[in-house]
Amino acid sequence: MPTYFIRRVLAAIPVMLVVAVFVFLLLRLTPGDPAAILAGDMATPDQLEKIRTSLGLNEPVYVQFTRWIGGLLQGDFGTSLISNTPVIDLVADRMWPTIWIALITITLSVIVAVPMGVLAAWKHRSWVDHAVMTFSVLGFSVPVFVIGYLLIKLFALDLGWLPVQGYIAPSQDFAAFAARAVLPALTLASIYIALIARMTRASLLDVLGEDYVRTARAKGLTERRVLFRHALRNAAVPVMTVIGTGFALLISGVVVTESVFNIPGLGRLTVDSIFARDYPVIQALILLTSGVYVGVNLIIDLSYSLLDPRIRY
Amino acid sequence: MSLLEIDNLTVAVDRKNGKTVVRDISIHIEPGELVCLVGESGSGKSVSSLATMGLLPKGALKVTAGKILLDGENLLDLSPSELRDRRATRMSMIFQEPMTALNPVHKVGDQITEVLEAHTKLSNADKHAKVMDMLKQVGLPDIERVAGSYPHQLSGGQRQRIMIAMALILEPRLLIADEPTTALDVTTQKQILKLIKDLQREHGTAVLFITHDMGVVAEIADRVYVMNQGDLVEDGPVMEILATPKEDYTRKLLSSVPSLVPRPARASVSKKTALDVSDLNKFYGAGRFLAKGSATHAVQDVSFKVTAGRTLGIVGESGSGKSTVARCIMHLIEPTSGGIRVGGQQISGLSRRGLKPYRKKLQMVFQDPYRSLNPRLTIEESIIEGPVNYGTPKAQAKARAAELLDLVGMPEGSADRYPHMFSGGQRQRIAIARALAMEPELLVADEAVSALDVSVQAQVLNLLAEIQERTHVAILFITHDLRVAAQICDEVAVMQRGQVVEYGPTADVLGAPAHDYTRSLLTAAPGRDWDFPNFRPVAA
Amino acid sequence: MAETTQRAAFPIRTSFITEKVGIAPMIAAVVLLLIVLAAIFAPLIAPHDPIYQNPIMRLKPPSAEYPLGTDNYGRDLLSRVIWGARVSLLIGIGVTVMAVVVGLLIGLVSGYIRLADAIIMRVMDGLMAMPSVLLAIAIVSLIGASIWTVMAAITIPEIPRVVRLVRSIVLSAREEPYVEAAISLGTSMPRILWRHLMPNTFAPLTVQATYVCASAILTEAILSFLGAGVSTETPTWGNIMAEARVYFRLKPELIFWPGMALSLCILSINLLGDAARDILDPRMNKREA
Amino acid sequence: MTAFWSNLRRGAVAASALTLSAMLPANAETTITAVMHSGLRVLDPVITTAHITRDNAFMVFDTLVALNSDFEVTPQMADFEVSADGLTYTFTLRDGLKWHDGGDVTPADCIASIKRWMQRDGGGQMINDRMASLEATGDKTFVLTLTEPFPYTLEAMAKVSSLALFMMPERIASAPANEAITEFVGSGPFKFVADEFQPGVKVVYEKFDDYVPAPGPRSWFSGAKDVLVDRVEWVTMPDAQTTMNALMNGEIDFMESVPVDLLPLLEGMPGIKTEVLSTLGAVTIGRMNFKHPPFDDPKVRQAAKLAISQENVLTALIGNSEYFQVCGAIFGCGTPYEFTDGSESLTSGGDIEAAKAMLAESSYDGTPIVLMQPTDVVTLTAQPIVAAQALREAGFNVDMQPMDWQTLVTRRASQIPPAEGGWNLFFTNWIVPEVSNPLGNVMLNGRGDQAWFGWPEDPEIEDLLKAFAEAPDLAAQQAITQQIQAHVMENVNYIHLGQYFSPSAWSTKLSGVEPAPFPVFWGISKE
């Protein structure tokens, strides 16, 4: 396990380097001038040039890159060009809403989707199966923002049960936090539920065709025991995998959801920073989300050995 | 009253006007009796047993007529929960592949205990004691450790013992064993067969034993039912069936079983050495960064020679390294060290390009006829691929392909068809034709008949012998089946754990084995005392 | 046993489709066909010029002249939705073709040449790790929003998925005996890739392609929604909705119709993808057999 | 496992305790939650001209002198006296002025602030060009001495847009004008709560208890700035829809700009009031690139101007005609310099025929003109679309390139040819006070490369501006502005596309909301 872990972490280094180089070059080789954005509407060319120099944007690309990587290695993510705040502070401020929503979404999705998938697989080709599959295809097909607006219209505006938007930290007011987290989490969960339910169903269908399931039935076990004790755990690895790779989808969904529900999270920060050409922030955020993605998938890979004793690292 | 009575059972595909796969069969088993249900693939023998357990795949197959009476109770009338109650307590089942039949994510001890949990109200201590007792009965060593192991940590034989323990722990009156030894090596098979027989005697369990292997039948059966394509062909006490089969099908089946007595030696036709392997070594899994575990020495100092027109058999159990040798010779993997000479030319260590001229001298026939032909190419395209690669004009290659297809006994018009339109035996013929198209000096046949039914197997073996006579091709024949080796090989090399332990003319090696391992292999061969093709015991 | 399990029989019987596939994919195919026809014949079908503004007719309710009403520039919504099919489908198909072709080539090379594999897979892992929508927004907003950059921006994150799929198929297919047989027959490496390995990728790629197509159309909508899409002069379902966001409560139909078209289109493609998988996946066949 | 469950249970108990405490009224603090037109990211009001930065600065900082609703300059932090020859300005600080950190406001602070401002602001530079000295003459007084009379001085110091003159402590104001300041200590009516500031998301202000309001009634930015609530929070919302929903649900109290199309949803809602606060409104304009063909040719510019109709643009942009005004006056309708010379085609629906004729006469050769269209700013998406249609009708070949606003901002600063990534035409908006004075209107600058984006070389207008700066009285100024108006229409320095008004909406829990060019939060109380 430790050697495997170290190997995986080492393997992540070139991946992150690819991300770093890609993002850096993308930002520097395309048109865009943070100075013009910073200075506002009435700035003269002369003033822009002065600001560019003071931001260090006039140096050669490789110098900027080396400086950035050097800073990263010392844990310095740089300072926002626009708001002049350390990137790390910006991220720390914006991190929690995203983490909370993501956690609630994943929990909700797993709680809803796994039983759905199990039911569909068990009742293969029945109306339950068709209903679950239809629902999951719908979850894939309707854009997140459309789902978001529909939920707002229904639950917040027409029924008035929940607030329309916003975010309140759970430490500040848990009830208010929960009330505001429900709709975004539901919105985001629509894709995730679809994804997990489909995978659970497919994986379970595979497993239900396996010999050991037949053995379990031959032992005279009840269907429930066959399904949950024998089949589900064997079907779990692909489901875990899809939770991991679906994390990318979640991040994309977060960007949109945060925008619809006005949640001050990392997704909006990234989009805002891209539009504002706030290079250090964009770089840090894309590197960070990539790192999280790699990390989540590493943890999921490691969790396989808990699910399946054949997998040993 | 019979313990199990299957009356006029018919099973069909669960669809409107679905094809019937088992037609109107009747089987009865008396208490304490061991009955073999024998047949080739597609005979419906497994389906009948699954129907008995109520385990037919839902939505795919269903019983359309007949009764299945266990102790006089029609199992087909029971509700699902009643049927569940009968399983494991009154009837249980073991399967062909113990690796897949055991749940990989639970400890085997727990999987056995689960049977007790489902059907009894014993205390935990009692359950544990009972499980341990059962594990002891099936002859497992170090039972506490075994009980705490996962299936993948056990050997194939141990896993099958676990399956048996699980099946018999509640002392059911009927055990259905579906090809329980087919996936096992011959020495392990012998032990498992003995175990089943012993337990059957001790507990008075009736056994319905499903197999395709006449040797196994001869070894253990009290009574035999023969099935063919969904129909029951013949039944009777084992000696009657083996000695005086009434039906043509049964006779054909029996006469297809190769004899374990080596065939008379053939005169050598040439002095030319087709293949000379010297001190071949192969290590697996060495040299990976941060990889743990040491390398496996899969092939260890293996040397042998094959002369033109002769067949050398390499026999051994799984993991003996016999296939690795074949793959090294074919350059599908790189040998770690040692020499491989084809027609006197050293070919080990040559680059891909350098190897090309020698490739055509070596051709291979693979084990699985379903995977060795590209499903998307017509038969002709597959056969002409090699010659065209070596510059034969297409038209000429096609003409040659037609000749070869005729030679291997394929019907006319096969050339333009696709592999899936042919049976396994036919595909293996095509694969042989493809290899022959290259006019090789050496044909490597890696378990080339193992996947085939015994009647088809006999035909393919005859074909190979015929071809060898005509073309004087040298054959390296890799097999685990001593019967096949005895009938086709001029010389035999026996491999165990990567080493050749005995090497010599077939008559010597299999007739008067010098090495213990060879002897144990021979003793383990089921039905070795019966000469099947001649319907009589082996002359002493 | 072996005699009865025929693997992935290639010529698919028509009865097989009706029996196994069911009615939903049939409906999906019809819907998709209608959308494709609408896209192709948009200039003939659409009652109005989709970009012609008529300020007097802004935000009008449905009428005989404007069957779905007008948007905030007085443009005909129906015409815009019909024309929107063009761009959305163009992006869907364009992205799919690019992602599949590029991914197939890289995947084949990666699956068969070990040295290239190590490097390619690191780069692919890197691309995979970057959140695709963010990457796409960055590319579009940095390089400039034209239909081509939008396509490229959506394609790039899709490529690693195709590469991984192709690579895994090649890796498992190269162990197939018929590939080893081809090696024994002296077949050259490019020819093995082309003739023996590549065809194996077609069925899974067909399935994957439908999902890529659906996701591309969806991503385009998301990009437009976030303000990084193609100009609203070129109507796409995404940017029609993005423009109409503001009018969600006032005139929900401005979001509803393009949203409906978009969802139906993606739904159809996904359903067809599922059907294709059911037909083409040999494991599925085995299970049903 | 057991530990896990007990932890979970403990967590649940803690959570419910939290809920309980949240339900008890913590204190009777009053907070106004407002959604402004955009998120605040840049704080330094000297480095950027962004409106939201200025709005923020008006909360935190105070001004020396201020503008009232009659466009009069009134004392704010300081009384002022102008000598009879117009060369000496004496400022006397009010008593008791304190910084948020407790220090006293001194003349040295003010001088540093003025000097930093003069480096960046156009009006400031004009004063600087004429400045003989600026020095403290006592504990509370300082004097600005000019070399020649410059009547615009006080107006420049009191102007609200863009680059208003804010007073900062000397230690902050001594920073170079090109580097953003990092400390936000002012003497304004609100304290900036740095800990709670989240760039682009949320800004929090607390009432500054030691603030000493200026005498006189509140009027725009002058008079008493009495703070009647404890806190003001500005939160950012990405779209108007969300913001309106939040307002209707009582989650926010104030929404700076409501899209006119959506007004019907709010009108008649109980508890919500809508009104145009910025009564002068804003203007929308189109600017050409004078450096490159075809708009280097005045005839081509004329043709473009002739083709476009203000009404079409404003209808597409605003919709409801109650909220826009077709207005030919480049200095804005409702201002002292309202003249409409030369604007007939713009205000009468465009003259496509005349445009075609003019274009035929000109040097235009059919080269596509690059029209930059921002996709992410609601108030700027309509103009390019409408203009493109009109220009095409007039015979222009239009290449409309969509991009986000920030890309546009970057690209418009580039002088390279349009075909190589430059541009020909873009649109933007100004609030009226930004364009209402010839010296404050940056688009009038005609000094080539030193001019605003588009870089016109226009000595004629430079002469007019100089004459305006020296004009002794309103009548003289008006005479000159009329000439400027005619010149701009003839030369097409930019295309004036009319005036529009953004309604604001707020909860009726707020009282004391009064019109001003942009929202201020003093004088407002909340139930």
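All figures in this text were calculated on a predicted structure; none of them were measured in a lab. (Residues numbered from 1 in each chain as written. Chains lettered and ligands numbered in written order. Predicted model: local features only at pLDDT ≥ 70, side-chain atom pairs only at ≥ 80, totals over all residues. Heavy atoms only, no water.)

S.K.: Hey, could you run me through the interface of chain A and chain C in this one?
M.R.: Reports often express the size of an interface as the amount of accessible area lost when the parts come together. Contacts between the two partners involve 45 residues from chain A and, on the opposite side, 44 residues from chain C. Carbon and sulfur atoms supply 73% of the area buried between chain A and chain C, which totals about 4000 Å² over both sides. At the boundary of chain A with chain C, the tally comes to one salt bridge. The salt bridge involving C:Asp274 is made with A:Arg198; its shortest N-O contact spans 2.5 Å. Taken together, the connections running from chain A to chain C amount to five residue pairs in polar contact (both at pLDDT 80 or more). Looking at the side of chain A that touches chain C, the elements that each hand over two or more residues are helix H1 (2-28), helix H6 (127-141), helix H7 (144-158), helix H8 (174-208), helix H10 (223-261), helix H11 (266-275) and helix H12 (279-307) of chain A. (Contact = heavy atoms within 4.5 Å. Buried area = accessible area lost by both parts, 1.4 Å probe. Salt bridge = Lys/Arg side-chain N within 4 Å of Asp/Glu carboxyl O. Polar contact = N/O pair within 3.5 Å; in protein donor to acceptor, adjacent residues only side chain to side chain. Helix = DSSP H or I, 4+ residues; strand = E, 2+ residues; numbered from the N terminus.)

S.K.: Help me understand the pairing of strand E18 (residues 495-500) of chain D, please; the structure alone is not making it clear to me.
M.R.: Consecutive side chains of a regular strand alternate in pointing toward one face of the sheet and then the other. Residue and element names in this part refer to chain D. The buried fraction of E18 amounts to six of the six residues, a majority that puts the element mostly inside the structure. The pairing of strand E13 (residues 282-288) with E18 spans four bridges and is classified as antiparallel. Residue pairing across strands places Val-283 opposite Gln-499, the latter belonging to E18. In this structure, strand E14 (residues 324-325) lies alongside E18, joined through two bridges in antiparallel fashion. Paired with Gln-325 across the bridge in E18 is Gln-499. (Buried < 20%, exposed > 50% of the residue type's maximum accessible area, 1.4 Å probe, protein only. Pairing = 2+ DSSP bridges.)

S.K.: Would you explain the packing of aromatic side chains in this entry?
M.R.: Each aromatic ring pair is characterised by the separation of its centres together with the angle its planes make. Residue and element names in this part refer to chain D. Counting across every chain of the model gives 36 aromatic pairs over all chains. The interplanar angle of 55 degrees and the centroid separation of 5.3 Å between the aromatic rings of Phe-58 and Phe-518 together place this pair among those described as tilted. On the criterion of sequence distance, the pair formed by Phe-58 in helix H2 (residues 51-60) and Phe-518 in the loop between strand E20 (510-511) and strand E21 (525-526) is long-range, its members being 460 residues apart. Both residues of the pair, Phe-58 and Phe-518, belong to the buried class. An angle of 50 degrees between the planes, with centres 5.1 Å apart, marks the rings of Tyr-364 and Phe-396 as tilted. Here Tyr-364 is found in the loop between helix H12 (352-361) and strand E15 (369-374), whereas its partner Phe-396 is found in the loop between helix H13 (382-393) and strand E16 (398-403), with 32 residues between them in sequence. (Phe/Tyr/Trp six-rings, centres within 6.5 Å; stacked < 30°, edge-to-face > 60°.)

S.K.: Would you take a moment to explain the nonpolar core for this structure?
M.R.: One broad trend across soluble globular proteins is that nonpolar side chains are buried collectively. Ranked by size, the top nonpolar core spans 387 residues in total, and within it B:Phe304, B:Leu476, C:Ile137, D:Leu64, D:Phe396 and D:Phe521 carry the most contacts. In terms of residues, this core owes the most to one element, H10(A), which gives 18 residues. Apart from the residues within four sequence positions on either side, D:Phe521 is in contact with D:Ile32, D:Ala34, D:Met36, D:Met59, D:Phe190, D:Val232, D:Trp234 and D:Phe254. B:Cys36, B:Met93, B:Leu174 and B:Ala177 belong to the second largest nonpolar core, which has 92 residues in total. (Core = buried A, V, L, I, M, F, W, Y, C linked by side-chain atoms within 4.5 Å.)

S.K.: Can you walk me through the pattern of salt bridges in this structure?
M.R.: Summed over all chains, the structure comprises 64 salt bridges over all chains. In this structure, the salt-bridge partner of C:Glu243 is C:Arg75, at a minimum N-O distance of 3.0 Å. Of the two residues, C:Glu243 sits in helix H10 (residues 237-244) while C:Arg75 sits in the loop between helix H3 (42-45) and helix H4 (77-112), which places them 168 residues apart along the sequence. Judged by relative accessible area, which is 16%, C:Glu243 ranks as buried. Overlapping salt bridges bring together A:Lys219, A:Arg225, A:Arg229, B:Glu114, B:Glu117 and B:Lys127 as one network.

S.K.: Would you mind showing me how to read the sheet that holds strand E7 (residues 141-146) of chain D here?
M.R.: By way of backbone hydrogen bonds, the strands of a sheet pair with one another, either parallel or antiparallel. Residues and elements named next belong to chain D. In spatial order, the strands read E4-E5-E7-E6; together these four strands make up an open sheet with antiparallel pairing. Bordering the open sheet on either side are strand E4 (78-82) and strand E6 (131-136), each of which pairs with just one other strand. Across the sheet, the mean angle separating the axes of adjacent strands is 15 degrees when strand polarity is ignored. Sheet topology note: the strand E5 (residues 88-93)/E7 ladder contains five bridges and is antiparallel. Looking across to E7, one finds that Phe-91 is bridged to Phe-142. Most of the contacts of helix H3 (residues 107-120) go to E6, to which it runs at about 150 degrees, and overall it touches E5, E6 and E7. (Axes fitted to C-alpha atoms, helices over the stretch in contact; angles between N-to-C directions.)

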